[in-house]
Amino acid sequence: MTNQRRHESREPTQVQRLFRQLVREWLWISLILLPLTALLSLSAQSGKHEALGALLSVILVACVLGLLLLRPRLALWITLGGMGCTLLVSAFLAEQRWWWSPTASLFGMLFGYLIWNWRRLSVVLTYFGWELARLDNEPKVFPERRRAQFPTGDRLQGQVMALEQAMSRTRDTRRFIADGLEYLPVATLISDPQGRILLGNRNARDLFGGDLVGDEVLERLAQLGHPELLSGSRPALANLATVEFRDIQGRSLRLERAALLPVDGETPIGWLLSLTDLSVERDAEEQRGVLLRFLSHDLRAPHSAILALLDVHRQQMGGDTPLFEQIERQVRRALDLTDGFVQLARAESEAYQFVPSLFAMVVLDVFDQALSIAQLKSIELVHDLQDEAQESLIMADQGLLTRALFNLVENAIKYSASGTLIRLQVRCVDGWLICELIDQGKGIGAEELPELFSQYRRFSSAQGIDGIGLGLSMVKAVVDRHGGRIECASEIGKGTRFSLHFPLIEE
C-alpha cells in the first residue's frame, strides 16, 4: 500500500497535465496570431515606418497573450485593457504626426481572447471527462441510480449533466459513510492532524458524555483515565500507546488508532480512533477464571480425599471389595473429566504466551512423559526428526502445545495393541513444520472422521477403553490458536495418521 502511494505521488496529476496542455495551446495560438498580426499591420500601414508599426502591433498582442496565460481569470479585463492601451498609443502617435493603424492589434487581441477561451473551455471539458470517467470506474458503495440520457450534440451540456449525477452520487456516498460511522457499535472519533476532534459518533458521545466536536482528543482521553495521560504528559497523537485500560467508571476499554492518509502522500491528514468497551468480555473471562480455579482445586480436593480414604481402607482391610473398586473407578473418571474440561477451557481461552520455540524440544519432552505409559503395553515409541526440523522455530505456547501433543501420543498408546509401533515424523516443507503421528491401532471409520474433533464424542473403536471425548477437542483448539491445522487419515484395523501443520518463523 505504501509503495502504491509513493508511485502515485511521483506520477503527474491531472491538474499538472491540464496546465501543460494549456501551455501548449497558448504556444500554438501565439505562433498563429503573431505572424498574422504582423501581416495585417504591414498591409494596413504605408510609408517608411511599416516595419516599426508591425513590430509594435506584435509586441502589444504578445503582451496581452502573455497576460492571458499568467492571469486567465482576468482574461476579459486584460483584453479590454490591451485594446484601450492600443487606442491610446495610436492617438499618441497621431499627435506626433506618425500614423499607426491599431486595427491589426485590436483584431489580434480580440481573436486571441476568443480562441484562448475556446481552447481553455475545451481543455477543461476534457479534464472533466477524465475525472468523471475515473469516478465512474471506482467501486460503487451501493447500486447506481438510473441515469439520464445525455444529449449527443451538446458536449458541454452532457458534461454538466454527468457532473450533476457524479455530485449526487458523491453526496449519497458521503451520507452513507456518515450514517454508517454514526451507528458503528464502537465509540469512534475522527480528528485533524493536531488532535482536534472533527467528528464523534453517538457511542463516543455517550462514552465521553456530551458533544465532542472541537475538543482535544488527548484531553478527553485524560479525563477518561488513559494511563499514559494521567501524569499530565501530552505526547504526540502518533505516539500515544494503544492499550486496554480501565477508565474512571471501571469500564475496560481498548483504544485503537489509525492514520488517515491522502492518496498522494504519507503525511496523515487526520486520525481515526476507536474505543471498544470490553467490560462484558472481561467480566466473563474473570468468571471463567474463577470456574477454572474451582474445577482445578476445589472440585479436585474431595475426589482426592476419597481416593486417599480408599487407600487407607485398602491397607486396613488388606484388599478391595468390588464396591470400593467401582467407587475408585468412578472417582478417577470424575477427575479425568475435570482435567479434560480444564485443559479444553485453557486451550480455548486467550491466555496464550507465544514465544519462539524449538518443536524438537517439545517432541522430546512429550516422549519423556509418554515412555512409561508405552512400556506398560510394550509399545515402541520412535521419533524421526529431519535435520532441518531439529533447528526450526515456531511461535508456540510450549506448555499447551506439549499437552496437546501428549494427548495425541497418549491416545495412540491407548488405542494400540501391545507390541506395536508408534512413529512420530517431523519435517519442514515450504515454510511449514509438519508433524505426523502414525500408529497401528484400531483405526477410525470413515463415516466418523468428520466428527472427530467434536466434544464428548466417543467412537465405536473406543468401546471398552476409558475416555471422556475431550482430548482431541483440546488438541484442535491448541493447533488452531497456533495458526496451524490438523488432519486425520484412518482405516479400521490398520491404524491412524494425524498430521499437524505449524507455520515456521521467517528468518
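For clarity, every value in this text was computed on a predicted model and none was experimentally measured.

Here the focus is the pattern of salt bridges. In total, this model carries 14 salt bridges according to the counting rule given. Measuring nitrogen to oxygen at the nearest pair gives 3.0 Å for the salt bridge that ties D215 to R220. Note that D247 and R251 form a salt bridge whose closest N and O atoms lie 2.7 Å from each other. Each member of the salt-bridge network shares a partner with another, and the members are D192, R196 and E216.

Once that is clear, we can look at the packing of helix 3 (residues 50–70) against helix 4 (residues 75–95). Where helix 3 meets helix 4, the axes come as close as 9 Å, and the angle between the chain directions of the two elements is 160 degrees. Looking at the two axes, helix 3 sits roughly antiparallel to helix 4. Helix 4 is crossed by helix 3, and the crossing has right-handed handedness. Taking contact as the criterion, the partners of L56, L60, V64, L67 and L68 in helix 3 are, on helix 4, A75, I78, T79, G82, T86, V89 and L93. Residues belonging to the contact of helix 3 with helix 4 are distributed by class as follows: nine nonpolar, three polar and no charged.

Attention shifts here to the packing of helix 4 against helix 5 (residues 103–137). At their nearest, the axes of helix 4 and helix 5 sit 9 Å apart, and the two run at 175 degrees to each other. The angle between helix 4 and helix 5 places the two elements in the roughly antiparallel class. For the pair helix 4 and helix 5, the contacting residues are A75, L76, T79, G82, M83, T86 and L87 in the first and S105, L106, M109, L110, Y113 and N117 in the second. The residue makeup of the contact of helix 4 with helix 5, split by class, is eight nonpolar, five polar and no charged.

Per the UniProt entry, the sites bearing "transmembrane region" (unreviewed entry) are residues 26–45, 51–69, 74–93 and 99–116 in this numbering. The distance from the first to the last C-alpha atom of residues 51–69 is 27 Å, and the span holds 100% helix and 0% strand. Here residues 99–116 runs as 78% helix and 0% strand, with 30 Å between its end C-alpha atoms.

If you look at the biggest cluster of nonpolar residues, it comprises 42 residues, and the most contacted ones within it are F359, L424 and V426. Mapped onto this core, the elements with two or more residues apiece are helix 12 (359–376), strand 7 (380–385), strand 8 (393–396), helix 14 (398–414), strand 9 (421–429), strand 10 (432–438), helix 15 (471–481) and strand 12 (495–503). Sorting elements by how many residues they give to this core places helix 14 first, with nine residues. If we skip the residues at most four places from it in the chain, F359 touches S392, I394, L401, L405, V426, L433, C435 and F502. Counting residues in hydrophobic clusters, the runner-up holds 21 residues, among them L212, A222, L237 and L275.

This next bit is on the environment of H383. Note on placement: H383 falls in strand 7. Given the relative accessible area of 37%, H383 is considered partly exposed. Separated by 20 residues in sequence, H383 and V363 have C-alpha atoms that sit 8.1 Å apart. When near neighbours in sequence (up to four residues on either side) are disregarded, H383 contacts V363, L364, F367 and L424.

Before going further, it helps to spend a moment on the sheet that holds strand 5 (residues 270–277). The five strands lie next to each other as 2-1-5-4-3, forming an open sheet whose pairing is antiparallel. The open sheet is flanked by strand 2 (197–200) and strand 3 (244–246), the only strands paired with a single partner. Sheet twist, expressed as the mean angle between neighbouring strand axes with direction ignored, is 25 degrees. The pairing of strand 1 (residues 187–191) with strand 2 spans three bridges and is classified as antiparallel. Directly across from S191, in strand 2, lies its bridge partner I197. This element, helix 8 (residues 217–224), spans strand 1, strand 2, strand 3, strand 4 (252–260) and strand 5 of the sheet and lies at about 15 degrees to strand 5.

On to a nonpolar patch on the surface. On the surface, a nonpolar cluster with roughly 430 Å² of combined accessible area is contributed by L40, F107, L110, F111 and L114. Top element by residues in the nonpolar patch is helix 5. It accounts for four residues. By secondary structure assignment, the location of F107 is in helix 5.

With that settled, consider the sheet that holds strand 10. Spatially, the five strands line up as an open sheet ordered 7-9-10-12-11, and their pairing is mixed. Either end of the sheet is taken by a strand with one partner, and the two such strands are strand 7 and strand 11 (485–491). Averaged over all adjacent pairs, the angle separating strand axes in this sheet is 15 degrees, with direction ignored. Note that strand 11 and strand 12 share seven bridges and pair antiparallel. Directly across from C488, in strand 12, lies its bridge partner F498.

Here is what the cut-offs are and how they apply
Residues numbered from 1 in each chain as written. Predicted model: local features only at pLDDT ≥ 70, side-chain atom pairs only at ≥ 80, totals over all residues. Heavy atoms only, no water. Salt bridge = Lys/Arg side-chain N within 4 Å of Asp/Glu carboxyl O. Axes fitted to C-alpha atoms, helices over the stretch in contact; angles between N-to-C directions. Helix = DSSP H or I, 4+ residues; strand = E, 2+ residues; numbered from the N terminus. Parallel < 35°, antiparallel > 145°, perpendicular 65-115°, else oblique. Left-handed = near helix turned anticlockwise from the far one by under 90°. Contact = heavy atoms within 4.5 Å. Nonpolar A, V, L, I, M, F, W, Y, C, P; charged D, E, K, R; others polar. UniProt positions renumbered as here; feature names shortened; annotations may be inferred. Core = buried A, V, L, I, M, F, W, Y, C linked by side-chain atoms within 4.5 Å. Buried < 20%, exposed > 50% of the residue type's maximum accessible area, 1.4 Å probe, protein only. Pairing = 2+ DSSP bridges. Patch = residues over 30% accessible without salt bridge, like charges linked within 9 Å, V, L, I, M, F, W, Y side chains within 5 Å. Areas by Shrake-Rupley, 256 points an atom, 1.4 Å probe, with all protein chains shown as cover.

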